[in-house]
Amino acid sequence: MTATHEVFNQAEPLTDRDLLGSDRALQDTLRHLAPALDQAPLQALGRQWGRAAMQEHARLAHLHRPILLTHSPQGRRLDRVDFHPSYHVLMQAAIGAGLHGGAWQDAAPHAHLRRAAGFMMFTQLDPAILCPVSMSYAVMPALAGNPAIARDWAAGLGSRTYDPELKAWPLKAGLTMGMGMTEKQGGSDVRANTTRAEPDGHDAWGQRLRLTGHKWFFSAPMCDAFLVLAQAPAGLSCLFLPRVLPDCQLNGLRIERLKDKLGNHANASSEVEFEQAQAWLVGEEGRGVSQILEMGALTRLDCALGTAGLMRAALSLALNHTRQRQAFGKALIDQPLMKQVLADLALESQAATALALRLAHAVDQSDQPQEAQLARLLTPIAKFWICKRGSAFAQEAMECLGGNGYVEEGGQGLMARIYREMPLNSIWEGAGNIMALDLLRGLRQGAALACLQRELAPALGRHAALDRAMSRLPVMLQEMATPDQARRLAQELALLLQAGLLTQIAPPALWQAFCESRLDGQGGLTFGMLGPRADVDAILALA
Ligand SMILES: Cc1cc2nc3c(=O)[nH]c(=O)nc-3n(C[C@H](O)[C@H](O)[C@H](O)COP(=O)(O)OP(=O)(O)OC[C@H]3O[C@@H](n4cnc5c(N)ncnc54)[C@H](O)[C@@H]3O)c2cc1C
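Notes on the structure follow. (Residues numbered from 1 in each chain as written. Predicted model: local features only at pLDDT ≥ 70, side-chain atom pairs only at ≥ 80, totals over all residues. Heavy atoms only, no water.)

## Some words on the pairing of strand S5 (residues 206–219)
Here is step 1: Strand direction decides the pairing type here: strand S4 (residues 196–203) and S5, joined by six bridges, are antiparallel. Its bridge partner being in S5, Ala-197 is matched across the sheet by Leu-211.
Here is step 2: Between the antiparallel neighbours S4 and S5 lie two residues. (Pairing = 2+ DSSP bridges. Helix = DSSP H or I, 4+ residues; strand = E, 2+ residues; numbered from the N terminus.)

## Quick word on the packing of helix H14 (residues 448–456) against helix H15 (residues 464–479)
Here is step 1: Packing of H14 against H15 leaves a shortest axis separation of 11 Å and a crossing angle of 165 degrees. By the angle class used here, H14 and H15 are roughly antiparallel. Judged by the sense of rotation from one axis to the other, the crossing of H14 with H15 is right-handed. Two secondary-structure elements touch here, H14 through Leu-449, Leu-452, Gln-453 and Leu-456 and H15 through Met-470, Leu-473, Pro-474 and Leu-477.
Here is step 2: Across the contact of H14 with H15, the residue classes tally to seven nonpolar, one polar and no charged. (Axes fitted to C-alpha atoms, helices over the stretch in contact; angles between N-to-C directions. Parallel < 35°, antiparallel > 145°, perpendicular 65-115°, else oblique. Left-handed = near helix turned anticlockwise from the far one by under 90°. Contact = heavy atoms within 4.5 Å. Nonpolar A, V, L, I, M, F, W, Y, C, P; charged D, E, K, R; others polar.)

## Quick notes on the pattern of salt bridges
Any two side chains of opposite charge can pair, given that their charged atoms come close.
Here is step 1: Summed over the entire model, instances satisfying the criterion amount to 33 salt bridges.
Here is step 2: Among the ionic pairs, Glu-348 bridges to Arg-389, the shortest N-O distance being 2.9 Å. Of this pair, Glu-348 sits in helix H10 (residues 336–364) while Arg-389 sits in helix H11 (residues 369–400), and the two are 41 residues apart along the sequence.
Here is step 3: With its nearest N and O atoms 3.0 Å apart, the salt bridge here joins Asp-438 to Arg-376. Within this pair, whereas Asp-438 is found in helix H13 (residues 432–443), its partner Arg-376 is found in helix H11, the two being separated by 62 residues in sequence.
Here is step 4: Residues joined in a network through salt bridges with shared partners are Arg-77, Asp-79, Arg-254 and Glu-275. (Salt bridge = Lys/Arg side-chain N within 4 Å of Asp/Glu carboxyl O.)

## Some thoughts on the site of the ligand
Here is step 1: The ligand sits among 20 residues. The nearest are Met-181, Thr-182, Gly-187, Ser-188 and Ser-219.
Here is step 2: Contact between the ligand and Met-179: a nitrogen atom at 3.0 Å from a main-chain N or O atom of the residue.
Here is step 3: For the ligand, an oxygen atom lies 2.8 Å from a polar atom in the backbone of Ser-219.
Here is step 4: Its free accessible area being 970 Å², the ligand has 65% of it covered by the protein chains. (Near = heavy atom within 4 Å. Polar contact = N/O pair within 3.5 Å; in protein donor to acceptor, adjacent residues only side chain to side chain. Areas by Shrake-Rupley, 256 points an atom, 1.4 Å probe, with all protein chains shown as cover.)

## Quick notes on helix H4 (residues 85–96)
Here is step 1: Given a rise of 1.5 Å per residue, 12 residues ought to cover 16 Å, and the 16 Å separating the end C-alpha atoms of H4 matches this to within 8%.
Here is step 2: The set of residues buried in H4 consists of Ser-86, Tyr-87, Leu-90, Met-91, Ala-93, Ala-94 and Ile-95.
Here is step 3: Buried residues belonging to H4 abut helix H2 (40–49), helix H3 (52–63), helix H6 (111–125) and helix H7 (130–143). (Expected span 1.5 Å × (residues − 1). Buried < 20%, exposed > 50% of the residue type's maximum accessible area, 1.4 Å probe, protein only.)

Now the structure itself:
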């Protein structure tokens, strides 16, 4: 047989997408948070990143994983990671759009919100290469702890040119940065770090130290510099570690091997050793954890944004498939039970979009005390809840595609990539428990109850279940703010805040179903159990 039988009832893949034009939830959220924001430049990026050619680059960057070259053929140390050309195309696209440090140099209002929307859309093309992009964005406030380095590096970190060459910073057209905290014996409890930092004099960048030790997870090792934690004489300190020293010599940073990861294949994550590596103090010696956590707070924002983006991508794939695939005499999307599943996923996706972007908006306005405090509280709430929901969401969206969802090939292969990526956003930058415990710390700072009540006030009176949940808030904060109940508290606050936002952003069909399923006990323990009152047709039309 040279020809196969007739092929029919197979869904055409989702290509040439308009990532913003097709995403009403994202448009509406941006319009609510920043009515004056011109969405046209984001529309253009969404169309560019949704193109089939860009999707092919993402596929290739994952297929051809990075390769570590420890030594040259002559036996000299190289410590270089080689990437497929498609990786570099994606990096240029993300950096060219200012998804890295660009927002810090953008004086226009809503710079961080605009960047956040771009980050969410790019995630739908490829989340993995965004790892160094996110770290280069997040590092700016922490780097300010050494004003001399911040002054020298700010322009390069904000440059829209991607320069992958290994050169000293003054010779580069653009710079990227990473972070190194996790060691073999501990990642969450970084106080257990054993890497030593010994004083080595002073120069134009301040106090210089020599590092000896290791990092067990060290992503994007081809970045130009890293913020790392190490034990200095006065205690755990935050240090700036460039890969190439100002005199153009390679620093003592040895890449031992690359991690063989479940997903996130386009991004290199490594194990490294420091051999008398030169580093400079950032912030106060002995106060390294709080210094580097200024960076961690923003990478946590990106975990929430990234997961919301991946949810939207998975939902789009599920809608695309179920609209085309017929089973039992109807398109799957018209089967009553499938409508339930898809509508429930759509609620979750829009709620994640709203909460993640609300956090980005708070970061934008953090010169106002209410917004700064809200950002402090929303960071662990959004990172915990959105990322926790991510894996269950991806599994359910995958199931909508049946067996085709589980294969790597073709357009559907994106679903497998999304599924493998989801747990990562939950683990790195502080796993679920760590986020829930961090929420407790945030609640102890300032008038947290008043801050949350102010945020929720515009939603008062919209839905009885929401009003009841709001009235329970003081008791909740009193009774559940203990380590053993911290996850529960984070979940309750996330749902309350999501419901409050949706009543202001989304049409009634959507927020009514959200309130009933998430706050009024009419939902289930898995997706697809909205109550009989839910207007699933209206929700699906919006999605
Ligand atoms: C692909 C990948 C890339 C990474 N890249 C980097 C990087 O570039 N730089 C970097 O520094 N790190 C990186 N990490 C490391 C990551 O941040 C850590 O793995 C993560 O913070 C968890 O630390 P751990 O692995 O040591 O686990 P542990 O700290 O041992 O935690 C294990 C579990 O215990 C829980 N736990 C910990 N303490 C408590 C407690 N007090 N109460 C209750 N539960 C608790 C945690 O929530 C977690 O679920 C990367 C990880 C991955 C998977």
